[in-house]
Amino acid sequence: MPEHEEYKTYIVHIDHSLKPSSFLTHETWHRAILRSLSKSDKEMLLYSYNHVMHGFSARLTPSQASKIRKSPAHIAIHEEKFGKLFTTHSPQFMGLRHSSGLWNASSYGEGVIIGLIDTGVWPESESFNEKGMPPIPTRWKGKCQNSTTNPFPCNRKLIGAQVFMKGNQAAGKSSSPDDSPRDVFGHGTHTSSTAAGNHVPGASQFGYAKGVAQGIAPGAHVAMYKVTSDGFIAESDVLAAMDQAIVDGVDIMSLSIGFEQTPYFQDVIAIASLSAIGKGIAVVCAAGNDGAPYSTHNAAPWITTVGAGTLDRSFTATVTLGNDLIFEGKSEFPERVVVIDTPLYYGKGDSDKALCSNGALKESEVFGKVVICYSNNTSNIFYQAEELARVNAIAGILVTDVDWSRFGIDGLSIPSLILPSSSGALIKKYVTEAAEEARVKFMRFVLTSFGTKPAPQVADFSSRGPDPINPNILKPDIIAPGVQVLAAFPPLIPIEGMGNYGVATDYALLSGTSMAAPHAAGVTALLKAIHPEWSPAAIRSALMTTANTIDNNRTTLTNQYTNLPGTPLDYGAGHINPNKAMDPGLIYDIDWQGYVDFLCGLGYDDAEMRAILRQSQWTCNQDGTDINYPSFVAMFSKNASAPNVKNFTRVVTNVGDDQSVYQATVEATHGMTIKVEPTTLTFTNKYQKKKFVVSVQMDGKAPPVAYGYLKWVDQNSHVVASPVVVLNT
């Protein structure tokens with residue numbers, strides 16, 4: 001080996017059928033392969049994999065990796081990549097109620113086990129209180145990994161916790177060895193809480209009502225598989241965690257992490273997820289926080305890919321002026337500050353003072369006062385708040401029409417109320433007329449408002465389709481609450497600063513598709529509890545075909561950033577609706593062969609197919625990539641002669657009433673025609689299957705993106721809706 005060669009971590013796929021009989025286990029064979037490459041006693045093996053893939057991860061030099069490529073057992077090898085994290089009232093917002101519906105019917109997800117691949121967990125959180133939890137299922141084979149220096153208590157709620165960070169540490173990404181599943185980063189705890197945390201009495205930070213931190217599936221059990229402590233995520237560790245989760249017996253995996261988008265045969269989450277799906281384990285993943293077209297992550301068709309939406313909840317403060325005018329604005333200042341009978345300051349005649357520009361204000365003028373800060377196109381409310389804190393103002397009234405709340409306004413360094421310019425004009429009029437007598441009678445923080453409109457909106461950061469790897473599959477599948485969600489948080493980590501001090505809390509407001517995915521995982525657990533016979537594809541279908549595409553203004557879901565109508569490329573099939581998903585009427589199911597046929601149509605060679613299927617033989621039953629998915633994407637070339645036509649074949653399974661008759665209805669934008677044959681589906685018993693063909697046609701003047709819907713409607717008010725998207729590239 002050349003002396004200058006550096007050791008790196010490689011993921012190695014090998015043909016397990018070639019293991020010599022002299023080796024009792026695949027791991028001993030893997031170690032022998034590695035010993036043959038080096039005379040050193042240096043430990044090279046990180047993990048052996050038996051379920052998510054066949055192979056191992058190891059520390060190798062490039063020349064050692066080249067030797068492995070020459071082995072007859074070699075299928076594929078690549079250098080490890082690193083990923084990133086995709087970082088309450090939400091159950092009620094989604095329609096979950098204690099008295100009826102999915103919560104009641106599923107016994108809150110009792111008996112279901114959710115495995116979270118994340119940053120660890122804070123076991124003392126009230127979200128993981130075992131009170132009222134049933135015994136741990138006998139099929140559970142997992143464990144609670146304890147550290148000698150940091151005891152870690154599991155219970156009937158948090159039934160398992162393990163650490164997988166060898167790859168992270170071997171690459172020098174971890175600051176110190178970490179053998180505890182405890183969360184010190186502040187990500188895994190909240191994803192656990194969101195998916196299946198228990199009722200938290202008295203969760204009052206930011207003035208929230210009791211129970212808002214309650215998990216979506218409070219009756220389900222949780223197991224944590226920690227793969228990072230400081231944000232760096234190694235492929236080898238994620239594979240090991242998912243491999244162990246399969247062995248342990250989880251029913252659902254939830255991943256709020258992602259790697260660079262690559263073809264499925266190189267995507268470790270896609271590979272591991274397909275193995276999990278083959279064992280009946282549903283996999284739910286965050287779509288990513290890139291917020292742009294062609295930016296979705298974790299978009300393989302066997303994964304439920306979740307984008308983020310807003311809630312109908314806002315956090316507010318009020319101000320009453322000396323003339324008794326009252327204004328309510330946005331504020332996330334977390335202390336119960338009350339300001340009474342305080343002078344009001346406005347830098348009239350000085351644009352820098354009016355804008356609260358850096359260094360513009362004088363402490364002698366504003367000390368102990370409430371200060372108004374106006375905005376121009378370049379104003380930043382966080383800098384304005386810092387300027388107010390510098391001169392010891394009591395509080396700030398920040399006037400801007402920019403929706404800063406979408407960036408998170410919980411980090412303002414002084415009690416601050418954000419108002420639009422329409423309100424600011426009235427305040428300016430008052431303070432100008434009252435001059436030195438201008439006062440604030442009353443200013444109150446830490447208030448919560450429900451019914452905010454429009455909601456839900458598609459979060460501005462939520463990754464959008466088309467999918468960069470395969471735009472023929474519409475991703476994300478759905479959106480779920482992911483903006484300003486209250487969830488468990490490690491109490492040792494400051495969430496923000498107050499003066500010279502950091503504020504720590506058991507619960508914090510957090511945003512990201514990392515918050516949305518656990519919501520969907522929790523609903524998946526509820527559906528699994530009530531429909532244990534449903535496949536992961538059936539559950540995903542139920543979530544998609546019953547999703548909402550209309551907000552609380554009764555208009556199409558809009559984008560948070562623009563307030564303009566969105567499209568299925570933004571929100572997939574729509575916003576998750578748990579109670580409707582319980583009884584979808586029809587489902588689009590996909591078996592193992594369906595996924596094999598889909599992969600066959602992608603043109604992968606034998607080695608690539610073996611890498612993702614983990615088997616050396618398979619049968620291809622179709623030529624194209626059409627799959628029995630609950631959505632449709634037709635791709636046309638702008639240069640093709642019109643009309644452009646694409647046909648899709650689908651099979652639906654009746655999971656509703658034995659005697660059901662469904663009629664097809666279609667909605668299409670201008671220039672788009674959707675035809676269905678047959679237009680009527682008649683079922684005479686439950687689980688009966690029916691086939692139909694959808695034909696999508698566009699004329700020559702089609703826009704780059706067009707969309708519509710196919711809906712199957714029966715006599716019992718089932719509406720089975722599928723988005724139909726046309727891409728003219």
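Calculation criteria
- Residue positions are given per chain, counting from 1 as you read along its sequence in written order.
- Restriction of local features to residues with pLDDT of at least 70 applies here, the model being predicted, together with a cutoff of 80 or more for giving and counting side-chain atom pairs; totals for whole chains, interfaces and linings are based on all residues.
- Hydrogens are left out, water is left out, and the side-chain values use all remaining heavy atoms of the structure.
- Secondary structure elements are taken from DSSP: a helix is a run of H or I of four residues or more, a strand is a run of E of two residues or more, and numbering for both begins at the N terminus.
- Any residue under 20% of the maximum accessible area for its type is buried, any over 50% is exposed, and the rest in between are partly exposed; the area is computed with a 1.4 Å probe on protein chains only.
- Accessible surface area values rest on a Shrake-Rupley calculation with a 1.4 Å probe, where residue burial reflects the displayed protein chains alone.
- Buried residues of nine kinds, namely Ala, Val, Leu, Ile, Met, Phe, Trp, Tyr and Cys, make up a nonpolar core once their side-chain atoms join them within 4.5 Å.
- Patches were defined on residues exceeding 30% relative accessible area and lacking a salt bridge, with like-charge contacts within 9 Å and nonpolar side-chain contacts (Val, Leu, Ile, Met, Phe, Trp, Tyr) within 5 Å.
- The term salt bridge refers to a pairing of a side-chain nitrogen on Lys or Arg with a carboxyl oxygen on Asp or Glu at a separation within 4 Å.
- In protein, a polar contact requires one atom able to donate a hydrogen and another able to accept it; more generally it is a pair of N or O atoms within 3.5 Å, and residues adjacent in sequence count only if both atoms are side-chain atoms.
- The contact criterion used throughout is that any non-hydrogen atoms of two residues lie within 4.5 Å.
- UniProt positions are given in the numbering used here, feature names are shortened, and annotations may be inferred rather than shown by experiment.
- Pairs of strands are assigned from DSSP output, requiring at least two bridges between the strands.
- Each axis is a line fitted through C-alpha atoms, and for a helix only the stretch in contact is used; angles between axes span 0 to 180 degrees, taken between their N-to-C directions.
- Every helix has an expected span of 1.5 Å times one less than the residues it contains.
- Comment on the angle field: the value is read as roughly parallel under 35 degrees, roughly antiparallel over 145, roughly perpendicular from 65 to 115, and oblique elsewhere.
- Note: crossing handedness is left-handed where the near helix turns anticlockwise from the far helix by less than a right angle, and right-handed where it turns clockwise.
- As a working rule, the residues Ala, Val, Leu, Ile, Met, Phe, Trp, Tyr, Cys and Pro are called nonpolar, Asp, Glu, Lys and Arg charged, and the rest polar, with Gly in that last group.
- Cysteine sulfurs are considered disulfide-paired once they come within 2.5 Å of each other.
- Two aromatic rings from Phe, Tyr or Trp, using only the six-membered ring of Trp, form a pair when their centres are within 6.5 Å; if the ring planes differ by under 30 degrees the pair is stacked, by over 60 it is edge-to-face, and anything between is tilted.
- Here, a charge over a ring means that NZ of Lys or CZ of Arg falls within 6 Å of the ring centre while also lying within 35 degrees of the ring normal.

Peer 1: Describe the overall build of the protein chain, and please don't skip the residues or the numbers.
Peer 2: The helix and strand inventory of the protein chain stands at 18 helices and 36 strands. For the protein chain, with 729 residues in total, the buried portion stands at 59%. As displayed, the protein chain offers around 27,900 Å² of accessible surface, 50% of which is attributable to carbon and sulfur atoms.

Peer 1: Pulling in residues and values, what's your account of the nonpolar core?
Peer 2: Among the nonpolar cores identified, the biggest contains 107 residues, and Met253, Leu255, Trp302 and Leu599 are the most heavily contacted of them. Membership of the second largest hydrophobic core comes to 26 residues, among which are Leu321, Phe333, Ile372 and Val431.

Peer 1: Break down a nonpolar patch on the surface for me, citing the residues and quoting the values.
Peer 2: A cluster of nonpolar side chains, contributed by Val338, Ile340 and Phe442, occupies part of the molecular surface with about 270 Å² of accessible area. Relative to the assigned elements, Ile340 resides in strand β16 (residues 338–345).

Peer 1: Tell me about the side chain of Ser660, residues and numbers included.
Peer 2: Among the secondary structure elements, Ser660 is positioned in strand β31 (residues 660–668). Accessibility expressed as a relative area gives 1% for Ser660, which makes it buried. At 2.7 Å, the side chain of Ser660 forms a polar contact with the backbone oxygen of Asp657. Apart from the residues within four sequence positions on either side, Ser660 is in contact with Asn654, Leu681, Thr682, Phe683, Asp714 and Gln715.

Peer 1: Outline the UniProt feature "active site" (unreviewed entry) in the protein chain, listing residues and values.
Peer 2: Mapped onto this numbering, the UniProt entry annotates "active site" (unreviewed entry) at Asp118, His187 and Ser514. Here Ser514 lies in helix α13 (residues 513–530). Note on Ser514: relative accessible area 0%, which makes it buried.

Peer 1: Report on the sheet that holds strand β36 (residues 719–728), specifying residues and quantitative values.
Peer 2: Across the sheet, five strands lie side by side as β29-β36-β35-β31-β33; this open sheet has mixed pairing. The open sheet has two edge strands with one neighbour each: β29 (632–636) and β33 (680–683). The average undirected angle you get between the axes of adjacent strands in this sheet is 20 degrees.

Peer 1: A description of helix α7 (residues 235–248) should follow, citing residues and the corresponding values.
Peer 2: For an α-helix, 3.6 residues make a turn, and residues three or four places apart therefore share a direction. In this model α7 runs 20 Å from its N-terminal to its C-terminal C-alpha over 14 residues, within 8% of the 20 Å that 1.5 Å per residue would give. In terms of burial, α7 is largely enclosed, as 12 of its 14 residues are buried. Within α7 the residues assigned to the buried category are Glu235, Ser236, Asp237, Val238, Leu239, Ala240, Ala241, Met242, Asp243, Ala245, Ile246 and Asp248. Looking one or two residues beyond α7, the residue adopting positive phi is Gly249, at roughly 105 degrees.

Peer 1: I'd love a proper account of the pattern of salt bridges, names of residues and values included.
Peer 2: Scanning all chains against the criterion turns up 16 salt bridges. With its nearest N and O atoms 3.2 Å apart, the salt bridge here joins Arg31 to Glu43. Of this pair, Arg31 sits in helix α1 (residues 26–35) while Glu43 is found in the loop between α1 and β2 (45–49), placing the two residues 12 residues apart along the sequence. The residue Asp341 makes a salt bridge to Arg439 at a minimum N-O spacing of 2.8 Å.

Peer 1: I'd like a description of unusual backbone geometry, backed by residues and values.
Peer 2: Note the cis peptide between Ala455 and Pro456, where omega equals -5 degrees. Assignment of secondary structure puts Pro456 in the loop between β20 (439–450) and β21 (457–458). Put simply, Gly465 and Pro466 share a cis peptide bond, and its omega is 0 degrees. Looking at the secondary structure, you find Pro466 in the loop between β21 and β22 (478–481).

Peer 1: Which residues make up the sheet that holds strand β4 (residues 74–79), and what values do they have?
Peer 2: Ordered in space as β2-β3-β1-β4, the four strands form an open sheet in which the pairing is antiparallel. The open sheet is flanked by β2 and β4, the only strands paired with a single partner. The sheet shows a mean angle of 20 degrees between the axes of neighbouring strands, taken without regard to direction. Where strand β1 (residues 8–14) and strand β3 (residues 55–60) come together, six bridges link them in antiparallel fashion. Pairing of Tyr10 across the sheet is with Ala58, part of β3.

Peer 1: Give me the packing of helix α8 (residues 268–278) against helix α17 (residues 592–600): which residues, what numbers.
Peer 2: Packing of α8 against α17 leaves a shortest axis separation of 10 Å and a crossing angle of 150 degrees. In this view, α8 runs roughly antiparallel relative to α17, as classed from their interaxial angle. The way α8 lies across α17 gives a crossing that is left-handed. Contacts between α8 and α17 involve Leu274, Ile277 and Gly278 on the former and, on the latter, Trp592, Tyr595 and Leu599. Of the residues that constitute the contact of α8 with α17, the class distribution is five nonpolar, one polar and no charged.

Peer 1: Outline the state of the cysteines, supporting the account with residue identities and numerical values.
Peer 2: Within the structure shown, the criterion is met by three disulfides. A sulfur-sulfur separation of 2.1 Å characterises the disulfide bridge that pairs Cys144 with Cys154. Negative torsions about the S-S bond denote left-handed disulfides, and the value of about 85 degrees found for Cys144 with Cys154 makes this one right-handed. Residue Cys144 is located in the loop between β6 (113–118) and β7 (158–163), and its partner Cys154 is located in the loop between β6 and β7; the two are separated by 10 residues in the primary sequence. Since its relative accessible area comes to 26%, Cys154 is described here as partly exposed. At a sulfur-sulfur separation of 2.0 Å, the disulfide partner of Cys356 is Cys373. Looking down the S-S bond of the Cys356 and Cys373 bridge, the torsion is -85 degrees, so its handedness is left-handed.

Peer 1: I'd like a rundown of the pairing of β6, residues and numbers included.
Peer 2: Among the six residues that make up β6, six are buried, leaving the element largely enclosed by the rest of the structure. Here β6 shows no split at all, with Ile113, Gly115 and Ile117 on one side and Ile114, Leu116 and Asp118 on the other all buried. Two strands pair when backbone bridges link them, and β6 and strand β8 (residues 221–226) are joined in this way by six bridges, in the parallel orientation. In the sheet register, Ile117 faces β8, and the bridge partner there is Tyr225. Direction of pairing for β6 relative to strand β10 (residues 252–255): parallel, over a ladder of four bridges. Residue pairing in the sheet places Ile117 in a bridge with Leu255 of β10.

Peer 1: Outline the environment of Glu80, listing residues and values.
Peer 2: Of note, Glu80 is situated in the loop between β4 and β5 (82–85). Along the backbone, Glu80 and Tyr10 are 70 residues apart, and their C-alpha atoms lie at a distance of 5.2 Å.

Peer 1: Can you lay out the packing of aromatic side chains for me, pointing to particular residues and giving the numbers?
Peer 2: Enumeration according to the criterion identifies 13 aromatic pairs in this entry. A ring pair is formed by Tyr346 and Tyr374, whose centres lie 5.3 Å apart and whose planes are at 70 degrees; its orientation type is edge-to-face. Remark: Tyr374 occurs in the loop between β17 (370–373) and α11 (381–390) and Tyr346 occurs in the loop between β16 and α9 (351–354); sequence separation between them is 28 residues. In this pair, the class of Tyr346 matches that of Tyr374, namely buried. When the centroid spacing of 6.0 Å and the interplanar angle of 85 degrees are considered together, the rings of Tyr662 and Phe683 count as edge-to-face. Of this pair, Tyr662 sits in strand β31 while Phe683 sits in strand β33; the two residues are 21 residues apart in sequence, bridging distant segments of the chain. Across from the ring centre of Tyr374, 4.7 Å away, lies the NZ or CZ of Lys428, which sits over that ring.

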